[in-house]
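# Structural features, examined
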Amino acid sequence: MYLGDILAHFQPMTQKIKNIQVIPLVRRLNRAFQGSTYQIVSRNTLFVRVETEEGILGEAFGGDEDIYQAKVVAVANEFLAPRIIGMELLPIEELWQAMISTAPLPFHNRGIHTLDLINHAVLMQAIAIIDLGLWDTLGKALNKPVWRLLGGFRNKVPVIGIGGYHRSAGDLEGLVSEVESFLAFGLSGIKLKVGSLQITQDLKRVETLRKHFGKRLLLCCDANQAWTFDEALQFARGAKDYELEWLEEPIRWNDQLVGLRRLREETDIPIVAGQGEISSLGCRDLILNRCVDILNVDATIAGGVTEWRRAATFAQMMNVKMGHHEEPQVALHLLASVPNSTYVEVFPDPERDPMWHELPENRPPIRDGYMEASEKPGFGLAYNREIIDIYRGDVARSLP
Ligand SMILES: [Mg+2]
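All of these numbers come straight from a predicted model, not from anything done at the bench.

### Considering the side chain of Glu 345
Here Glu 345 lies in strand β15 (residues 344-346). Assessed through its relative accessible area of 2%, Glu 345 is described here as buried. Among the polar contacts made by the side chain of Glu 345, one reaches the side chain of Lys 191 at a distance of 2.7 Å. Residue contacts for Glu 345: discarding those within four places in its chain leaves Ile 160, Ile 162, Lys 191, Trp 246, His 324, His 325, Glu 326 and Pro 328.

Given below as structure tokens:
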């Protein structure tokens, strides 16, 4: 039972779900961002509105789905929303169970609950965006921020920036100046992209940053599943003296359970994975197989706030810390709520994540290495309607 449910016992509340609308936003980036195993050419996201009969309007955004975005929106609006419209907001757990119910869900020729990874990912992202809207609605109904409803452990969380994309990979001076700009932005450190160069070149980049900035810089590395076990071990051994905060997704997608465990047995560098999981049960398996020191499961991919809390609770029991893959507008609240959290991560470069920079009108302040959580209800954000109108992908627009 969440604090929100407990509060409801003392403060009887009726909030009946009247309407739910999920809006796709599609925004091409001005340039491609090249990582080890991928490139990013657009920043897509979903915006959700949840209205109650009593006049509360919950709003949230999250997720970065590209090719399956239209399917996620269709599942959310056409199948999941009708299941819970008319139900009471509390308990949210009941709404969540209604959405993941295995009752027939006629999605194309196949049901969505069969053993099909794409359909599962579509379903969990659709549940996620609605669940985010429900939590914002609950916060507004109770006049509490989401981070307090979830446990309220701290009111600010250390924040790091994601950078070091391929463009600057061979340019050590450029990398140093990029990190200097991160520190000037108020961040505590960098999550450095690795895995697209020779391992010795990546190690040189790590060495350069550690020697230039000393211990004041939080230095994480993210390989995005680029390496075989042997390659990951070579990097980990080479980086052992550079005091990495973590090494994220070092091993290829098809060797997670055994490969990550073997790597953990060979290195003291904390290992992160989880952003590739779409449910708390997948996170459970990473933990039980001793694959991770830190779980970075993403609530916008894996079933929302409600599901993230399940993973976080089990992680805490097992001495595993929590991170969160990107999406700082959600991650701040989740990581502020629990004691076993690490860092919020942002893209300081507006070209990489223009939605985070422009969609909220009141981004949480970043000061002295921390992102600060406010007392505003729900996720605490007001939104720029013009950005939604310009980039919504579900209506035909005439060019200005
Ligand atoms: Mg990652």
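Now that the structure is up, let's keep going.
### Thoughts on the coordination of the magnesium ion
Protein coordination of the magnesium ion is provided by Asp 222 (OD), Glu 248 (OE) and Gln 275 (OE1), with donor distances spanning 2.0 to 2.3 Å. We note that the donor set of the magnesium ion lies within a single chain, spaced as D-x25-E-x26-Q. In this pair, Asp 222 is assigned in strand β10 (residues 218-222) and Glu 248 in strand β11 (residues 246-248), connecting sequence segments 26 residues apart. On the basis of relative accessible area, Asp 222 is assigned to the buried category, the value being 1%.

### Concerning the packing of aromatic side chains
Taken as a whole and judged by the stated rule, the model has five aromatic pairs. Taking the centre distance of 6.0 Å and the plane angle of 85° together, the rings of Phe 61 and Tyr 383 count as edge-to-face. In this pair, Phe 61 sits in strand β5 (residues 57-62) while Tyr 383 sits in the loop between β17 (370-372) and α14 (385-391), placing the two residues 322 residues apart along the sequence. Put simply, the rings of Phe 47, Phe 61 and Tyr 383 touch in pairs and so form one group of aromatic residues. Here the guanidinium or amino end of Lys 156 rests over the ring plane of Tyr 370, the centre of that ring lying 4.5 Å away. Between Arg 363 and the ring centre of Trp 356, over which it is positioned, the NZ or CZ distance is 4.6 Å.

### Some thoughts on the environment of Arg 363
Residue position: Arg 363 is located in the loop between α13 (354-358) and β16 (366-367). Expressed as a C-alpha distance, the spacing of Arg 363 and Phe 229, which sit 134 residues apart in the sequence, is 40 Å. Once residues within four sequence positions are removed from consideration, Arg 363 is found in contact with Phe 185, Trp 356 and His 357. Here the side chain of Arg 363 touches Trp 356 through a polar contact of 3.5 Å, landing on its backbone oxygen.

### Description of the domain arrangement of the protein chain
Along its sequence, the protein chain is carved into domain 1 (3-143) and domain 2 (148-383). Here domain 1 and domain 2 have C-alpha centroids that lie 24 Å from each other. Opposite the 43 residues of domain 1 that make contact, domain 2 presents 45 residues. Together domain 1 and domain 2 conceal approximately 3700 Å² of surface at their shared face, both sides included; 63% is due to carbon and sulfur atoms. With a closest N to O distance of 2.9 Å, Glu 358 and Arg 27 form a salt bridge. Taken together, domain 1 and domain 2 are joined by 18 residue pairs in polar contact (both at pLDDT 80 or more). Sorting the residues of the side of domain 1 that touches domain 2 by element identifies α1 (3-10), β2 (28-34), β4 (45-52), β5, α3 (92-100) and α4 (117-142) as the ones contributing at least two each. Of all the elements, α4 adds the most residues to the side of domain 1 that touches domain 2, at 14 residues. For the side of domain 1 that touches domain 2, the residue count by class is 20 nonpolar, 14 polar and nine charged.

The rules behind these values
Numbering of residues starts from 1 in each chain and follows the order in which that chain's sequence is written. Where totals are concerned, whole chains, interfaces and linings use all residues; where local detail is concerned, this predicted model gives features only for residues with pLDDT of at least 70, and gives and counts side-chain atom pairs only at 80 or more. Excluding hydrogens and water, the side-chain values take into account all heavy atoms of the structure. Each helix is a run of H or I in the DSSP string that is no shorter than four residues. Each strand is a run of E no shorter than two, and both are numbered from the N terminus. For every residue, the accessible area obtained with a 1.4 Å probe (protein chains only) is divided by the maximum for its type, and the residue is called buried under 20%, exposed over 50%, and partly exposed between those limits. Under this definition, polar contacts are N or O atom pairs within 3.5 Å; protein pairs additionally need one hydrogen-donor-capable and one acceptor-capable atom, and for neighbouring residues in sequence, both atoms have to be side-chain atoms. Any pair of residues with heavy atoms lying within 4.5 Å of one another is described as a contacting pair. Here the coordinating atoms are restricted to nitrogen, oxygen and sulfur within 2.8 Å of the metal centre, or 3.2 Å for Na, K and Ca, and because water is not among them the sites may look incomplete. Aromatic pairs are defined between Phe, Tyr and Trp rings, using the six-membered ring for Trp, whenever the two ring centres lie within 6.5 Å; interplanar angles under 30 degrees are classed as stacked, those over 60 as edge-to-face, and all others as tilted. Note on geometry: a ring has a charge over it if NZ (lysine) or CZ (arginine) is within 6 Å of the ring centre and within 35 degrees of the ring normal. Residue ranges for the domains originate in an automatic or database domain assignment. Buried area is a sum: the accessible area each of two parts loses on coming together, probed at 1.4 Å, counted once for each and added. We count a salt bridge whenever a side-chain nitrogen from Lys or Arg sits within 4 Å of a carboxyl oxygen from Asp or Glu. As a working rule, the residues Ala, Val, Leu, Ile, Met, Phe, Trp, Tyr, Cys and Pro are called nonpolar, Asp, Glu, Lys and Arg charged, and the rest polar, with Gly in that last group.

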